[in-house]
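# Structure assessment
Next come the chains, spelled out residue by residue.
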Amino acid sequence: ASVTVAAGATTATATVTTSLVSQTTPVTLSALLDGVTQTTLLTVLPRLPFDFDNDGHNDLLFQNQTSNLIVVWYDSLLSILGGSSLSYTPAAGWQVVGCADFDHDGTPDLVLQNQSSGQIVVWYMNGSTVVGGEALSLLPGAAYKVVGVGDFNGDGKPDLLFQNQSSGALVIWFLDKAVVTGGTSVPIVPASGWKVVGVGDMNGDKKPDVIFQNTATNQIAFWYFDGGNYIGGVLMPTTPALGWQVRSVMDVDNDGKVDFVFQNQTSNQLLVWYMNGVSVKGGGVMSLTPASGYKLMAPH
């Protein structure tokens, strides 16, 4: 962008518009001051991946386990600033299983899976309004449930992670919107009792990793991935109290690192852990507790 400052003026305003919403974009801004060109380099940050109201904070998505109603809570650190119900409620049997920008318009979309047939659909969103949708081109095996969303093959497009609810085996489907373009099975199978609770970059290499929580001990473990390949893992040194389940994996405090949002399975309270890799650096209970029947479903 180029800006010419009028004679005698001390300030000028330039608006920079970029379509590169999924990555950090360098922009050179030049201003002509008294016949001399002054140049500076700006960095245009991408929109946050789970920011439904475009306020610079990732938000939380709940689904009522009886009515199926989906609600978005607009989040700022530990405070809930507002919320809205989605413009459409899915039919019985359809559950939100993930959130990502599938159509690359800079706004988060939803993934839903039918808990009986296994069929998967993507809802294209504009804030809390459903503007379209389509079913995936393939149907997973009956025991495979979507447990996370992330760009595993580095093509800039969100992919799906499945876990077999009987064997624990993991499978990744590479996607282009709702089209399955390929996939891979993870050769290592987690031990019994370890369930995937989310996907996020836990070691700072800009690649999605897989977060597990043990259903008996409540321990949390990370598996580090390079694409679809498991390259190592670590057990988190801090274990949450029994009853607290990781329900969302996202950057809550805008430090560029993945944090955890827990929901208590009895009281429904929400708890945030601010993370620095495997270490908890802080956190607290969120300002509101969802009503009975509402479970935190995404992002994870």
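In case you missed it, the structure is sitting above this.
These notes cover the structure that comes with them. None of the values given here were measured: they were computed from a predicted structure.

## Some thoughts on the overall build of the chain
- A count of helical and extended segments in the chain gives zero helices and 23 strands.
- Split into buried and exposed, the 300 residues of the chain put 48% on the buried side.
- Sequence-distant contacts in the chain: of pairs separated by 6 or more residues, those separated by 24 or more amount to 42%.

## Description of the layout of surface pockets
- Here the second largest pocket is characterised by a volume of approximately 630 Å³.
- For the second largest pocket, the lining is made up of 28 residues, of which V147, V196, V197, Q245 and R247 are closest to its centre.
- Broken down by secondary-structure element, the contributors of at least two residues to the lining of the second largest pocket are β7 (94-100), β11 (144-150), β15 (194-200), β16 (209-214), β19 (244-250) and β23 (294-298).
- In terms of residue count, β19 provides more of the lining of the second largest pocket than any other element does, four residues in total.

## A short note on the sheet that holds strand β17 (residues 220-226)
- Taken together, the four strands give an open sheet; going across it, the order is β15-β16-β17-β18, and neighbouring strands pair in antiparallel fashion. What marks the edges here is a single partner per strand, and that holds for β15 and β18 (229-235). On average, adjacent strands in this sheet sit at an angle of 25 degrees to one another, irrespective of strand direction.
- Direction of pairing for β17 relative to β18: antiparallel, over a ladder of six bridges. What sits directly across from A221, in β18, is L235.

## Things to note about the pairing of strand β13 (residues 170-176)
- Of all seven residues in β13, six are buried; the element is thus mostly enclosed.
- By the bridge criterion, four bridges tie strand β12 (residues 159-164) to β13 in an arrangement that is antiparallel. Residue pairing in the sheet places Q163 in a bridge with L170 of β13.
- Examined bridge by bridge, β13 and strand β14 (residues 179-185) share six bridges and lie antiparallel to one another. Following the sheet pairing, L175 is matched in β14 by V180.

## Structural notes on the environment of M236
- Among the structural elements, M236 can be located in the loop between β18 and β19.
- For the pair M236 and I211, spaced 25 residues apart in the sequence, the C-alpha separation amounts to 10.0 Å.
- Apart from residues no more than four positions distant in its own chain, M236 is found in contact with I220, A221, F222, F260, W273, M275, V278 and V280.

## Thoughts on unusual backbone geometry
- Residue P299 follows A298 across a cis peptide bond; omega there is 0 degrees.
- Inspection of the secondary structure puts P299 in the segment after β23.
- For L77, which is not a glycine, the phi torsion comes out positive at approximately 55 degrees.
- Positionally, L77 belongs in the loop between β5 (70-76) and β6 (79-85).
- Looking at L77, the relative accessible area reads 37%, which means it is partly exposed.
- A positive phi is found at H104, a non-glycine position, where the angle reads about 60 degrees.
- Checked against the element boundaries, H104 lands in the loop between β7 and β8 (109-114).
- Its relative accessible area of 35% is what places H104 among the partly exposed residues.

## So, the nonpolar core
- Within the largest apolar cluster, 31 residues are counted, with the highest numbers of intra-cluster contacts made by L60, L61, L86, L110, L112, W123 and V261.
- Among the secondary structure elements, those contributing two or more residues to this core are β4 (60-64), β5, β7, β8, β9 (120-126), β21 (270-276) and β23.
- Other than its neighbours up to four places away in sequence, L86 contacts L61, I70, V72, L110, W123, M125, S128 and V130.
- Of all hydrophobic cores here, the second largest spans 17 residues; its members include L136, V146, V149 and A178.

## Section: the side chain of D75
- Mapping D75 onto the fold places it in strand β5.
- Of the buried charged residues, D75 lacks a salt bridge, with K281 as the closest side chain of opposite charge at 14 Å.
- Every residue in contact with D75, bar those within four places of it in the chain, is listed here: D55, H57, N58, D59, I80, M250, V252 and M286.

## Brief notes about the environment of V72
- Looking at the secondary structure, you find V72 in strand β5.
- Expressed as a C-alpha distance, the spacing of V72 and S128, which sit 56 residues apart in the sequence, is 7.2 Å.

## With respect to the pattern of salt bridges
- Applying the stated rule across the entire model yields four salt bridges.
- Measuring nitrogen to oxygen at the nearest pair gives 3.5 Å for the salt bridge that ties D253 to K281. You can see D253 sitting in the loop between β19 and β20 (259-264) and its partner K281 sitting in strand β22 (residues 279-285), a full 28 residues away along the chain.
- Looking at K281, the relative accessible area reads 48%, which means it is partly exposed.
- The network of salt bridges with shared partners includes D253, D255 and K281.

Cut-offs used in this document
Residues numbered from 1 in each chain as written. Predicted model: local features only at pLDDT ≥ 70, side-chain atom pairs only at ≥ 80, totals over all residues. Heavy atoms only, no water. Helix = DSSP H or I, 4+ residues; strand = E, 2+ residues; numbered from the N terminus. Buried < 20%, exposed > 50% of the residue type's maximum accessible area, 1.4 Å probe, protein only. Contact = heavy atoms within 4.5 Å. 1 Å grid on protein atoms, 1.4 Å probe; cavity = no way out; pocket = protein on both sides within 12 Å on 5 of 7 lines; lining within 4 Å. Points joined across faces, edges and corners; volume = space filled by probe spheres on them. Pairing = 2+ DSSP bridges. Axes fitted to C-alpha atoms, helices over the stretch in contact; angles between N-to-C directions. Core = buried A, V, L, I, M, F, W, Y, C linked by side-chain atoms within 4.5 Å. Lys, Arg positive; Asp, Glu negative; His and termini not counted. Salt bridge = Lys/Arg side-chain N within 4 Å of Asp/Glu carboxyl O.

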